[in-house]
Amino acid sequence: MKFIKAGGHILIVIILTVLTQLGGLAWLVALRFKRRLLTFIGIYAALSVASIWIAPQFGRIPLNCWASPNTASVQSPLFCTLNRHYVTPELKAVLQDTAASLTTHFPDAKLRVLDAGFPYINDFPLLPHLSHHDGRKADIALFYEDGTGTYLPGRTRSPIGYFAFEEGPTDCAPSQLSLRWDFDWLQAAWPDWQLEEERTRRTLELLSADERVRRIFIEPHLKARLGLTHEVIRFQGCRAARHDDHIHIEARS
Ligand SMILES: [Zn+2]
């Protein structure tokens, strides 16, 4: 019986570590206390807040968790709560500069960031994004408009910005052995909004022209639809997740 109990805690530590990096450690410490859940929440919150100052010593800084004018901020508080909003200073600068430039063309445009990276340790992947392991990668939300063609500032079709796919032709065969999920059954759950092409295109143009950006992933059908030709915008391959629900960018350092 004790063995099963220990196995349960190991599982909790693994899940919390995979989801939040710091949660597993917080759970291990909380095991020594009586009010375990409350203690866990307290320790996790303390570790998360302390990381805002400690992580920069190791080369990662947090993105803005709260929206403010002309700046990039995370799309959902969930990403900050789970410590998935850390990037290198260069990537943060790219995102902030892009957000600021975007508003010179579109004053109402809000650049929203999805999953970025954990606060510590290179080669620690932010699942399910295998490549988000060094703070140099972040995902950006697409821009949307409602049925009347009105831009919806800061809004995404799915609550976390992922898995609301734009349909288009693909050369990828359906495969069970890849991360290329379609989630067909989920699509009807999202509001009937369309891609807001002008702001999405301008964002991709700004990122493509930025020397600090090494590459950008979107699906080829989106690149074609938006009339983009820059070679820094590439296809991520058939084995990786679909990139017609978000934009993936990678900074040089
Ligand atoms: Zn990504």
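Remember, it's a predicted structure, so these values are computed and weren't measured experimentally.

Moving on: the coordination of the zinc ion. For the zinc ion, the full set of protein donor atoms is His132 (NE2), Asp139 (OD) and His248 (ND1), and the range of their distances to it is 2.0 to 2.1 Å. Sequence spacing of the donors to the zinc ion: H-x6-D-x108-H. With His132 in the loop between β4 (112-113) and β5 (137-141) and His248 in strand β10 (residues 246-251), this pair connects stretches of sequence that are 116 residues apart. Of the two residues, His132 and His248, neither departs from the other in class, the shared state being buried.

Next up on the list: the packing of helix α5 (residues 89-105) against helix α6 (residues 197-208). The interhelical angle for the contact between α5 and α6, taken along N-to-C directions, is 130 degrees, at an axis separation of 10 Å. Classified by the angle their axes make, α5 and α6 are oblique. At the point where α5 passes α6, the crossing takes the right-handed sense. Facing Val94, Thr98, Ser101, Leu102 and His105 of α5, the residues of α6 in contact are Arg199, Arg202, Thr203, Leu206 and Leu207. In terms of residue class, the contact of α5 with α6 is made up of 4 nonpolar, 4 polar and 2 charged.

Attention shifts here to the domain arrangement of the protein chain. In terms of domains, the protein chain is made up of domain 1 (1-58) and domain 2 (60-251). Look at where the C-alpha atoms of domain 1 and domain 2 centre, and you get two points 29 Å apart. Between domain 1 and domain 2, the residue contacts involve 14 residues of the former and 14 residues of the latter. Here domain 1 packs against domain 2, burying approximately 1200 Å² in sum over the two surfaces, 56% of which is carbon and sulfur. A per-residue breakdown of the area domain 1 buries against domain 2 is headed by Val18, Gln21 and Ala55, which together make up 40% of the total. Taken together, the links from domain 1 to domain 2 amount to 0 salt bridges. Where domain 1 packs against domain 2, one counts 8 residue pairs in polar contact (both at pLDDT 80 or more). Secondary-structure elements contributing two or more residues to the side of domain 1 that touches domain 2 are α1 (2-20) and α3 (36-54). With 5 residues, α3 is the largest single contributor of residues to the side of domain 1 that touches domain 2. Considered class by class, the residues forming the side of domain 1 that touches domain 2 number 9 nonpolar, 5 polar and no charged.

This paragraph deals with the nonpolar core. Among the nonpolar cores identified, the biggest contains 38 residues, and Leu91, Leu95, Leu111, Leu204, Ile216, Ile247 and Ile249 are the most heavily contacted of them. Elements represented by at least two residues in this core include exactly α5, β5, α6, β8 (213-217) and β10. Ranked by residues supplied to this core, first place goes to α5 with 5 residues. Leave out the neighbours within four places in its chain, and Ile216 touches Leu204, Leu207, Ser208, Val232, Ile233, Arg234, Ile247, His248 and Ile249. Grouped together as the second largest cluster of nonpolar side chains are 12 residues, Leu22, Trp27, Phe40 and Ile43 included.

Conventions and cut-offs
- Residues numbered from 1 in each chain as written.
- Predicted model: local features only at pLDDT ≥ 70, side-chain atom pairs only at ≥ 80, totals over all residues.
- Heavy atoms only, no water.
- Donors = N, O, S within 2.8 Å, 3.2 Å for Na, K, Ca; no water.
- Helix = DSSP H or I, 4+ residues; strand = E, 2+ residues; numbered from the N terminus.
- Buried < 20%, exposed > 50% of the residue type's maximum accessible area, 1.4 Å probe, protein only.
- Axes fitted to C-alpha atoms, helices over the stretch in contact; angles between N-to-C directions.
- Parallel < 35°, antiparallel > 145°, perpendicular 65-115°, else oblique.
- Left-handed = near helix turned anticlockwise from the far one by under 90°.
- Contact = heavy atoms within 4.5 Å.
- Nonpolar A, V, L, I, M, F, W, Y, C, P; charged D, E, K, R; others polar.
- Domains from an automatic or database assignment.
- Buried area = accessible area lost by both parts, 1.4 Å probe.
- Salt bridge = Lys/Arg side-chain N within 4 Å of Asp/Glu carboxyl O.
- Polar contact = N/O pair within 3.5 Å; in protein donor to acceptor, adjacent residues only side chain to side chain.
- Core = buried A, V, L, I, M, F, W, Y, C linked by side-chain atoms within 4.5 Å.

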